[in-house]
Amino acid sequence: MLSVPLNLCVKGNRDFTMRNMLHDSVTPYKTDEEKNKQVAQMFNNIANRYDLLNSILSMGIHKGWRKQCVQLLAAKHPKVILDVATGTGDFAIECAKLDPTQIIGIDISDGMMEFGRKKLLKLKLDQLITLKNGNAETVCFPDDTFDAIVVGFGVRNFENLEKGLSNLYRILKPGGQLVILEFSYPRNPLIKAGYNFYFSYITPLVGKIFSKDTRAYSYLTESVKAFPNNEHFVEILNKLKYKNTGFKSLSFGIAAIYRGEK
Ligand SMILES: C[S@@+](CC[C@H](N)C(=O)[O-])C[C@H]1O[C@@H](n2cnc3c(N)ncnc32)[C@H](O)[C@@H]1O
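Residues numbered from 1 in each chain as written. Predicted model: local features only at pLDDT ≥ 70, side-chain atom pairs only at ≥ 80, totals over all residues.

Undergrad: In this structure, what is going on with the sheet that holds strand 5 (residues 172–183)? I would like to understand it.
TA: Within a beta sheet, neighbouring strands are joined by backbone hydrogen bonds and run either parallel or antiparallel to one another. In spatial order, the strands read 3-2-1-4-5-7-6; together these 7 strands make up an open sheet with mixed pairing. Single-partner strands in this sheet number two, and they are strand 3 (129–133) and strand 6 (243–250). Strand after strand, the sheet turns through a mean of 15° between neighbouring axes, direction not considered. Both strand 2 (residues 102–107) and strand 3 contribute to a ladder of 5 bridges, which runs parallel. Considered in strand 3, the bridge of Ile103 is made with Ile129. In the packing of helix 4 (residues 110–122) onto the sheet, contacts are made with strand 2 and strand 3, and the angle to strand 3 comes to roughly 165°. (Pairing = 2+ DSSP bridges. Helix = DSSP H or I, 4+ residues; strand = E, 2+ residues; numbered from the N terminus. Axes fitted to C-alpha atoms, helices over the stretch in contact; angles between N-to-C directions. Contact = placed C-beta atoms within 7 Å.)

Following this line, the structure appears as structure tokens:
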């Protein structure tokens, strides 16, 4: 039985004053349309190729990264888990290993979740995991709802990063854990050179070949470069009152796990 109500609503939060960050202004199509709308459209466009391209471009490493995130949550045995920016549901599926009573995935792209729901049916996880349209920045679950919140490659796409992270803080239970997986920028000059080449040439090329949206994989490169790296991201978590924050670099710094607690 589901204990967290699923009829999500949108919360007006007009007077939310936040620093206008560089990454917030990096958008998929560079039009005047809101970033959230552009992002949702982009992911709807690439949804049918997302899992395939994820595996090709990361050579399968992304699965191990999600596993490490979920292991971090294991000690506290979270029962009610939210997967923000769930996409095709991989993080939610990995969280099922924690033996929770309920997992909810939210995303602004219905196209991505359509593929996610098919996977859940195949894996017989559709009773445990529910995917719902919802925006991290405005989704209005009651305060103190979730034992754990995970976000995989999602925060970089938020229209207003701080607003999104604050809302997630609000709906975490006191003592609840936030675990974020995101691309980051390596420091070693050699790795950095390879990383720049890969993200500047290989990623957009492979994206172009396999997906009909030619902007999507250039946006990936631009948004990764503009995103606050490692300590900078942790500073934002601290500013928003998260406790016990920290990060762990993965695979020579090309990705990072960030964590915090309420
Ligand atoms: C790169 S995919 C990641 C999917 C999945 N978490 C994974 O680990 O593979 C990013 C997802 O974030 C979603 N997204 C972006 N901004 C969002 C927001 N403000 N609220 C909820 N979902 C969002 C997109 O629609 C997309 O499905």
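On we go.
Undergrad: For this particular structure, what's the right way to read the site of the ligand?
TA: With respect to spatial proximity, 24 residues lie near the ligand, and among them Ala85, Gly87, Ser109, Gly152 and Asn157 are the closest. Of all elements in the fold, only helix 1 (35–58), helix 3 (90–95) and strand 2 reach the threshold of two or more residues within the shell around the ligand. Sort the elements by how many residues they give to the shell around the ligand and helix 1 lands first, with 4 residues. Classifying every residue of the shell around the ligand by side-chain character gives 12 nonpolar, 9 polar and 3 charged. (Near = placed C-beta within 6 Å. Nonpolar A, V, L, I, M, F, W, Y, C, P; charged D, E, K, R; others polar.)

Undergrad: Looking at this structure, I do not really get the pairing of strand 7 (residues 255–261). What am I missing?
TA: Residues in a regular strand project their side chains so that they alternate between the two faces of the sheet. Taken across its 7 residues, strand 7 has 5 buried, putting it largely inside the fold. As judged from the 7 bridges shared by strand 5 and strand 7, these two strands associate in the antiparallel manner. Looking at the pairing, Leu178 lines up with Gly260 of strand 7. Relative to strand 7, strand 6 is paired through 6 bridges, and the arrangement is antiparallel. Among the inter-strand pairings, Lys248 is bridged to a residue of strand 7, identified as Ile257. Taken together, strand 6 and the strand that follows it, strand 7, pair antiparallel across an intervening segment of 4 residues, in which Ser251 is found at a positive phi of about 45°. (Buried ≥ 20, exposed ≤ 12 C-beta atoms within 10 Å, placed from the backbone.)

Undergrad: What is the right way to look at the nonpolar core in this model?
TA: Across soluble globular proteins, nonpolar side chains show a tendency to be buried alongside one another. With 67 residues, the main nonpolar core has Ile81, Val84, Phe146, Ile149, Val150, Leu168 and Ile257 as its most contacted residues. Looking at which element gives the most residues to this core, the answer is helix 1, with 7 residues. Apart from residues lying up to four places away in sequence, Val150 is in contact with Cys69, Ile81, Asp83, Phe91, Cys95 and Val179. (Core = buried A, V, L, I, M, F, W, Y, C linked by C-beta atoms within 7 Å.)

Undergrad: How do you make sense of the pairing of strand 5 when you look at a structure like this?
TA: Extensive coverage of strand 5 is indicated by the burial of 9 of its 12 residues. Pairing of strand 4 (residues 146–152) with strand 5, which is carried by 6 bridges, proceeds in the parallel orientation. Following the sheet pairing, Val150 is matched in strand 5 by Val179. Running through helix 5 (residues 161–171), the crossover from strand 4 to the neighbouring parallel element strand 5 is right-handed. (Right-handed = clockwise from strand over helix to strand, strands pointing away.)

Undergrad: Which parts of the structure should I look at to understand helix 1?
TA: Helical periodicity: at 3.6 residues per turn, an α-helix aligns residues three or four positions apart in one direction. For helix 1, with 24 residues, the first-to-last C-alpha span of 25 Å runs short of the 34 Å given by 1.5 Å per residue. In the structure, helix 1 departs most strongly from a straight axis at Ala47, where the bend amounts to approximately 75°. Of all the residues in helix 1, the buried ones are Gln38, Val39, Ala40, Met42, Phe43, Ile46, Ala47 and Tyr50. Of the residues one or two after helix 1, Met59 is the one with positive phi, at around 50°. (Expected span 1.5 Å × (residues − 1). Bend = angle between axes of the 7 residues up to and from the residue.)

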